Amino acid sequence: MGSELVTVYEVGLRDGLQNEKGFIPTEQKRELLDALVGAGLCRLELTSFVSPKWVPQLADAEAFARLVLPAAGYSVASPSGPATDGVSLSALVPNGMGLERALACGLPEIAVFLSASETHTQKNINKSIDRALGVIEELIPPALAAGVRVRGYVSTVWGCPYEGTVDPARAIAVAARLAELGCYQISLGDTIGVGNPRQTREIVRRALDVMPLESIALHLHDTRGTALANILAALDLGVRVFDSSIGGMGGCPYAPGAAGNVATEDLVYMLAGIGLETGIDLEKLIEAANVAERLVGHPLPGKVHRAGAFRPRVA
Ligand code: HMG
Ligand code: MG
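Residues numbered from 1 in each chain as written. Chains lettered and ligands numbered in written order. Predicted model: local features only at pLDDT ≥ 70, side-chain atom pairs only at ≥ 80, totals over all residues. Heavy atoms only, no water.

The next subject is the coordination of the magnesium ion (ligand 2). Around the magnesium ion (ligand 2), the protein contributes the donor atoms Asp-15 (OD), His-219 (NE2) and His-221 (NE2), which lie 2.1 to 2.2 Å from the metal centre. Spacing between the donor residues of the magnesium ion (ligand 2) along their common chain follows D-x203-H-x1-H. Highlighted residues: Asp-15 in helix H1 (residues 12–16) and His-219 in strand E7 (residues 216–220), separated in sequence by 204 residues. Overall, the relative accessible area of 2% leaves Asp-15 in the buried class. (Donors = N, O, S within 2.8 Å, 3.2 Å for Na, K, Ca; no water. Helix = DSSP H or I, 4+ residues; strand = E, 2+ residues; numbered from the N terminus. Buried < 20%, exposed > 50% of the residue type's maximum accessible area, 1.4 Å probe, protein only.)

Structure below.
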């Protein structure tokens, strides 16, 4: 399988909490962040600098970032590449106002986002794909000039809740444009968890035709239980960066029916079992999933935090 190191990119604090009914107080978000970092996660999405009217669950973005950034010991690596050591925290930024807010907090990384389908882009960020790309084109140069790395998301690559099947060529063209504009990594999203491994192989192969392997990440919601199967298909093609959410929390408020991302503990359990190193302690990760469950106040769909880590007995 080539390189044995896999990067797990934790999105629970953002993608997970944005979909919770209630607002989780900032201090409790910090408790979860500490548990995640304590388990060995070092690339995490903290929050979103989007409109608090659209996503009230993350209305404390500044307060949370300011609370944790001085303590995080994050890496200030080259803006053109991923962090190499330390903890790197990121946040979603939809426009120039979001960028100003993120820069004021001193975040080392931001993520820009749009969808491969027009209707989801419109419902999610109130603009067309062309207009969204125009906004992103304007905000990347000042971000890079400020020493901030920029990650990109393309949502609805495997399917759109409003338009159905999405042409993979069209989706990968959007991803290629984000790479061209300066995103060091593009996370391809199965926003509503409809994908299968055959589709995943086609999408990853098409992406490999237009961008380097290191710049490809997958962001798979597990709505229909196919996320791990899709990850295995992508691992076979060399992909080594996967987004996940502690406990399997989350969804997208503008994608009806979307469930959470693949659960971080389920992903780490599988990767360890097939001999791929993540640097993450599974027992501590299970504790972090328990913290997440306590904070949101309802059961989370991840399996391994409930079942426990299985240690085969060596005779
Ligand atoms: P808009 O209404 O078109 O924006 O929203 P606008 O420029 O017309 O401004 C309207 C109001 O919003 C104004 O305030 C602005 O100041 C304010 P008012 O005058 O009415 O009081 N505003 C802002 N406030 C704070 N921060 C900002 C900001 N921008 C405008 N950055 C906008 C456009 C993009 C802002 C809005 O649509 C929005 O915030 N959308 C959020 C969408 C979102 O967060 N979706 C979930 C995340 S994406 C996701 O989950 C998918 C992903 O996980 C991948 C996958 O799963 O596939 C990433
Ligand atoms: Mg998502």
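Following the structure, the description resumes.
Let's shift gears to the pattern of salt bridges. Per the stated rule, a full pass over the model turns up 14 salt bridges. Here Glu-163 ties to Arg-170 by a salt bridge, and the two come within 3.7 Å at their closest N and O atoms. You can call Glu-163 partly exposed: its relative accessible area is 34%. Residue Arg-170 is classed as partly exposed on the basis of its relative accessible area, which comes to 37%. (Salt bridge = Lys/Arg side-chain N within 4 Å of Asp/Glu carboxyl O.)

It is worth spelling out the site of ligand 1 at this point. Neighbouring residues of ligand 1: 29 residues in total, closest Arg-101, Asn-124, Asn-126, Ser-155 and Thr-191. One of the side-chain N or O atoms of Gln-18 is found 2.8 Å from an oxygen atom in ligand 1. At 2.9 Å, a backbone N or O of Ser-51 approaches an oxygen atom of ligand 1. Within the complex, 75% of the 1100 Å² of free accessible area of ligand 1 lies under protein. At the level of secondary structure, the elements contributing two or more residues to the shell around ligand 1 comprise H1, helix H4 (96–105), helix H5 (118–125) and strand E5 (149–155). (Near = heavy atom within 4 Å. Polar contact = N/O pair within 3.5 Å; in protein donor to acceptor, adjacent residues only side chain to side chain. Areas by Shrake-Rupley, 256 points an atom, 1.4 Å probe, with all protein chains shown as cover.)

In this section: the nonpolar core. Leu-188 and Leu-218 are the most contacted members of the largest nonpolar core, which has 98 residues in total. Excluding residues that lie within four positions of it along the chain, Leu-188 makes contacts with Val-154, Val-157, Trp-158, Ile-172, Ala-175, Ile-203, Ala-207, Ile-216, Ala-217, Leu-218 and His-219. (Core = buried A, V, L, I, M, F, W, Y, C linked by side-chain atoms within 4.5 Å. Contact = heavy atoms within 4.5 Å.)

Before going further, it helps to examine the confidence of the model for the chain. Any region with low pLDDT has predicted coordinates that should not be read closely. Confidence along the chain averages 93 in pLDDT terms, with 93% of residues attaining 70 or more. Below a pLDDT of 50 lies the segment residues 74–82, which in the model reaches 27 contacts outside its immediate sequence neighbourhood of four places, other chains included. (pLDDT = per-residue confidence, 0-100.)

A few words now on the pairing of strand E6 (residues 185–190). The element E6 is largely enclosed, with a buried count of six among its six residues. Along E6, one buried face is formed by Gln-185, Ser-187 and Gly-189 and the opposite face, lined by Ile-186, Leu-188 and Asp-190, is buried too. Looking at chain direction, E5 and E6 are connected through four bridges and run parallel. From the neighbouring strand, Arg-151 faces E6, where its bridge partner is Gln-185. With respect to chirality, the unit in which E5 leads through helix H7 (residues 168–181) into the neighbouring parallel E6 is right-handed. As paired strands, E6 and E7 are joined by five bridges and run parallel to one another. When the bridges of E7 are listed, Ser-187 appears paired with Ala-217. As for the winding sense of the linkage, the β-α-β connection from E6 through helix H8 (residues 197–210) to E7 is right-handed. (Pairing = 2+ DSSP bridges. Right-handed = clockwise from strand over helix to strand, strands pointing away.)

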